[in-house]
Amino acid sequence: MRNEVEFSSLRERMVATQIANRGIKGREVLEVMAKVPRHRFVLPKYLDSAYEDHPLPIGEGQTISQPYMVALMTECLGLKGVEKVLEVGTGSGYQSAILAELSKEVYTIERFESLAERAKKVLSDLEYKNVKVIVGDGSRGLEEEAPFDRIVVTAGAPVLPKSLADQLAEGGKMVIPVGGSFSQALLLVEKEKDKVKTTSVCGCVFVPLIGEYGWKR
Ligand code: SAM
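So, here is what we can say about the structure in this document. (Residues numbered from 1 in each chain as written. Predicted model: local features only at pLDDT ≥ 70, side-chain atom pairs only at ≥ 80, totals over all residues. Heavy atoms only, no water.)

Brief notes about helix H1 (residues 4-19)
Part 1 of the reasoning: The end-to-end C-alpha distance of H1, which contains 16 residues, comes to 21 Å, matching closely the 22 Å that a straight helix rising 1.5 Å per residue would cover.
Part 2 of the reasoning: Taken together, the buried positions of H1 are occupied by Phe7, Leu10, Arg11, Met14, Val15, Gln18 and Ile19. Along the long axis of H1, the arc covered by the buried residues comes to 140°, so they all point the same way. In H1, the exposed positions angled more than 90 degrees off the buried face are occupied by Val5 and Arg13. (Helix = DSSP H or I, 4+ residues; strand = E, 2+ residues; numbered from the N terminus. Expected span 1.5 Å × (residues − 1). Buried < 20%, exposed > 50% of the residue type's maximum accessible area, 1.4 Å probe, protein only. Arc of directions from axis to C-beta.)

Pasting the structure below:
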């Protein structure tokens, strides 16, 4: 069993070799990736793999995303510490913690209650007070808290959900994987003067977004 000093040094190495080395430049993003204890969000049997360069199973057939993908999606959002953020797909809660470090408040929605409960517990143990975990269909967004300055979707959608585009604030940004059920393009969506501009960032592979505005199982 590794101790916290060893985990911290694995984290530093992860940031240098997997993240900075691949072109992520934002100082704040690199700092929080080096700070948030990813090993607390993985299942005990994967502790030794927590800082490896790939996703890991978290139960219910879902995954905690690859560290680089978490950093890239976060960098695309350009957070300044003042934003209201919606995350669709809480999973382990790891990306929620990264977002909580860099924004004002985070609403995160997960369709599996078991995953939401575990994420809630870890986030509360780590004393994140600006994250609200909600169980439900995040493809619908969260109408009662909209608009959001930033939206991050951590599951692949067949098309850009209109519900989420509608809930994005003026001047807001969203990152979302869109495409087939096995591979997608990571899209950066920006809303200016009520128009939506979409840029493709890279190819990616995410579990499917299942719900009213996603895949129908
Ligand atoms: N951000 C997560 C992390 O850091 O661990 C990774 C999440 S995993 C790649 C995607 C998650 O999206 C899964 O936990 C899955 O259950 C969830 N999901 C899929 N469709 C959803 C929906 N319609 N609403 C909410 N969550 C959904």
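Observations concerning the packing of aromatic side chains
We describe a pair of aromatic rings using the distance from one ring centre to the other and the angle between the two ring planes.
Part 1 of the reasoning: A full pass over the atoms with the stated rule returns 3 aromatic pairs.
Part 2 of the reasoning: Considering the side-chain rings of Phe7 and Tyr51, the 6.1 Å spacing of their centres and the 50° angle between planes classify their relative orientation as tilted. Note that Phe7 is positioned in helix H1 and Tyr51 in the loop between helix H2 (27-35) and strand E1 (56-59), a separation of 44 residues in sequence.
Part 3 of the reasoning: Given a relative accessible area of 2%, Phe7 falls into the buried group.
Part 4 of the reasoning: A relative accessible area of 6% means that Tyr51 is categorised as buried.
Part 5 of the reasoning: Summarising the aromatic geometry, the rings of Tyr107 and Phe148 are spaced 6.1 Å apart at their centres and angled 65° between planes, so their arrangement reads as edge-to-face. (Phe/Tyr/Trp six-rings, centres within 6.5 Å; stacked < 30°, edge-to-face > 60°.)

Let's talk about the packing of H2 against helix H4 (residues 94-102)
Part 1 of the reasoning: At their nearest, the axes of H2 and H4 sit 10 Å apart, and the two run at 130° to each other. Here H2 is positioned oblique relative to H4, judged by the angle of their axes. Read as a crossing pair, H2 and H4 show a hand that is right-handed. Together, Glu28, Val29, Val32, Met33 and Lys35 of H2 and Tyr94, Ile98, Glu101 and Leu102 of H4 make up the contact between the two elements.
Part 2 of the reasoning: Taken together, the residues of the contact of H2 with H4 break down into 6 nonpolar, no polar and 3 charged. (Axes fitted to C-alpha atoms, helices over the stretch in contact; angles between N-to-C directions. Parallel < 35°, antiparallel > 145°, perpendicular 65-115°, else oblique. Left-handed = near helix turned anticlockwise from the far one by under 90°. Contact = heavy atoms within 4.5 Å. Nonpolar A, V, L, I, M, F, W, Y, C, P; charged D, E, K, R; others polar.)

Here we look at the site of the ligand
Part 1 of the reasoning: In the vicinity of the ligand there are 26 residues, among which Ser92, Glu110, Asp137, Gly138 and Ile210 approach most closely.
Part 2 of the reasoning: Within the complex, 99% of the 600 Å² of free accessible area of the ligand lies under protein.
Part 3 of the reasoning: When contributions to the shell around the ligand are tallied by element, the ones reaching two or more residues are strand E2 (62-64), H4 and strand E4 (105-110).
Part 4 of the reasoning: With 3 residues, the top contributor of residues to the shell around the ligand is E2.
Part 5 of the reasoning: Of the residues that constitute the shell around the ligand, the class distribution is 10 nonpolar, 12 polar and 4 charged. (Near = heavy atom within 4 Å. Areas by Shrake-Rupley, 256 points an atom, 1.4 Å probe, with all protein chains shown as cover.)

Some points on unusual backbone geometry
Part 1 of the reasoning: The residue after Ala146, namely Pro147, is reached through a cis peptide bond having omega 5°.
Part 2 of the reasoning: As for its position among the elements, Pro147 is in the loop between strand E5 (131-135) and strand E6 (148-153).
Part 3 of the reasoning: In the Ramachandran plot, Asp194 falls in the positive-phi region, its phi being about 65° despite a non-glycine side chain.
Part 4 of the reasoning: Taking relative accessible area as the criterion, Asp194 reaches 64% and is therefore assigned exposed.

Considerations on the side chain of Gln66
Part 1 of the reasoning: Structurally, Gln66 is set in the loop between E2 and helix H3 (67-77).
Part 2 of the reasoning: A polar atom in the side chain of Gln66 sits 3.1 Å from the side chain of Asp53.
Part 3 of the reasoning: Contacts of Gln66, omitting those with residues within four sequence positions, involve Arg22, Arg38, Asp53, His54 and Pro55. (Polar contact = N/O pair within 3.5 Å; in protein donor to acceptor, adjacent residues only side chain to side chain.)

Looking at the pairing of strand E3 (residues 84-88)
Along any regular strand the residues' side chains alternate between the sheet's two faces.
Part 1 of the reasoning: Summarising burial for E3: 5 of the 5 residues are buried, a large majority.
Part 2 of the reasoning: Note that E3 and E4 share 5 bridges and pair parallel. Each bridged residue has a counterpart across the sheet, and for Val85 the counterpart in E4 is Val106.
Part 3 of the reasoning: Tracing the backbone out of E3, into H4 and back to the parallel element E4 gives a crossover that is right-handed.
Part 4 of the reasoning: As paired strands, E3 and E6 are joined by 4 bridges and run parallel to one another. Within the sheet, the bridge partner assigned to Leu86 lies in E6 and is Ile151. (Pairing = 2+ DSSP bridges. Right-handed = clockwise from strand over helix to strand, strands pointing away.)

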